[in-house]
Amino acid sequence: MVRLEIEHPGSVALFLDLDGTLFDITAVPADVSAPAGLSATLGQLQRTLQGAVAILTGRKIDEVDRLLAPVRTVAAGVHGAELRLEPNGAIEVASASVPESLVRAVDRLASSIPGVLVEHKGIAITVHYRAVPAMELLLEAELRSLLDAHDTRLVLSHGRRVLELTPQASTKATALERLMQEPAFRGRRPVMIGDDQPDEAALATAVSLGGTALKVAGEHFRGGEANFAGPKQVRRWLEDLAMALEP
């Protein structure tokens, strides 16, 4: 189990990915649910760390709230393109919606390959191919071609059996940097936990700010480079941390 030296609760800030880090990966993203006790653990940590807990995820913040209810945290959704600076604050959206012509083109592509699922997030599009992993290279090439044919500020990014068209200017790293300037986080040591490629920049940013990067094993981080064997171990670690930090 990971050991983290924490001088006192005011010295650290937690930044947590969701799917593959706190949640177990599911074949269908809509089938995911928060494991028992997770919301209570996050709420306890939020109180102990005086609000210095943030979720950084590819999901929309409204969906995060639904999944983690009743707890609400500071959050960055759609890989940083949505940002909420306070648990009950307004959601800032940093990008325009995906052009309808590109939405239709991605839908046509997905419908031509059985097993491919599409999530429309307004400002981004996510294409899941977990059921047909052999289609990765074909999907990547087709999505790049669609991006080239449309005048957008979107880029193609990779996740665990997922390809995403996301706003170029927003990442989990830019979200972490922004949040570290907020009163609840300022002056603390960031601890970022993530499991896949979109988390890498945020992991590196946490280290550059004097913090800690913790990796969760899966398709992306393997073997000795991972600090946690999977989400279950992350959840247990957070439970232990919450108990250890209680006054």
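Let me sum up the structure you'll find in this document.

Rules used in this analysis
Residues numbered from 1 in each chain as written. Predicted model: local features only at pLDDT ≥ 70, side-chain atom pairs only at ≥ 80, totals over all residues. Heavy atoms only, no water. Salt bridge = Lys/Arg side-chain N within 4 Å of Asp/Glu carboxyl O. Helix = DSSP H or I, 4+ residues; strand = E, 2+ residues; numbered from the N terminus. Buried < 20%, exposed > 50% of the residue type's maximum accessible area, 1.4 Å probe, protein only. 1 Å grid on protein atoms, 1.4 Å probe; cavity = no way out; pocket = protein on both sides within 12 Å on 5 of 7 lines; lining within 4 Å. Points joined across faces, edges and corners; volume = space filled by probe spheres on them. Nonpolar A, V, L, I, M, F, W, Y, C, P; charged D, E, K, R; others polar. Pairing = 2+ DSSP bridges. Axes fitted to C-alpha atoms, helices over the stretch in contact; angles between N-to-C directions.

## Some points on the pattern of salt bridges
Part 1 of the argument: Taken as a whole, this structure holds 16 salt bridges when the rule is applied.
Part 2 of the argument: A salt bridge links R72 to D65; the nearest nitrogen and oxygen atoms lie 3.2 Å apart.
Part 3 of the argument: Note that R160 and E219 form a salt bridge whose closest N and O atoms lie 2.4 Å from each other. With a gap of 59 residues between them, R160 in the loop between β8 (154–159) and β9 (162–167) and E219 in the loop between β11 (212–215) and α7 (231–245) connect regions that are remote in the sequence.
Part 4 of the argument: Among the residues examined, R160 registers a relative accessible area of 15% and is labelled buried.
Part 5 of the argument: What you see here is one network of salt bridges that share partners, running through D19, R59, E63 and R66.

## Details of the layout of surface pockets
Part 1 of the argument: If you add up the space inside the largest pocket, you get close to 200 Å³.
Part 2 of the argument: Residue lining of the largest pocket: 13 residues in total, with S157, T166, T171, Q197 and P198 positioned closest to the centre.
Part 3 of the argument: Where the lining of the largest pocket is concerned, the elements lending two or more residues are β8, β9 and α6 (197–208).
Part 4 of the argument: Of the residues belonging to the lining of the largest pocket, the class tally is 4 nonpolar, 8 polar and 1 charged.
Part 5 of the argument: Residue composition of the lining of the second largest pocket, grouped by class: 8 nonpolar, no polar and 2 charged.

## Topic: empty space enclosed by the protein
Part 1 of the argument: Evaluation of the coordinates by the stated rule reveals 1 cavity of 30 Å³ or more.
Part 2 of the argument: For the largest cavity, the calculated volume is near 370 Å³.
Part 3 of the argument: In this structure, the largest cavity is lined by 24 residues; those nearest its centre are D19, I25, H128, V162 and D196.
Part 4 of the argument: Contributing elements (two or more residues each) for the lining of the largest cavity: β7 (125–128) and β9.

## Some thoughts on the sheet that holds strand β6 (residues 117–120)
Part 1 of the argument: One open sheet holds the 4 strands; their spatial order is β6-β7-β9-β8, and the pairing between them is antiparallel. Each edge of the sheet is formed by a strand with only one pairing partner; in this case those strands are β6 and β8. Averaged over neighbouring strand pairs, the angle between their axes works out to 20° when direction is ignored.
Part 2 of the argument: As judged from the 4 bridges shared by β7 and β9, these two strands associate in the antiparallel manner. Bridge assignment links I125 to a residue of β9, and that residue is L165.

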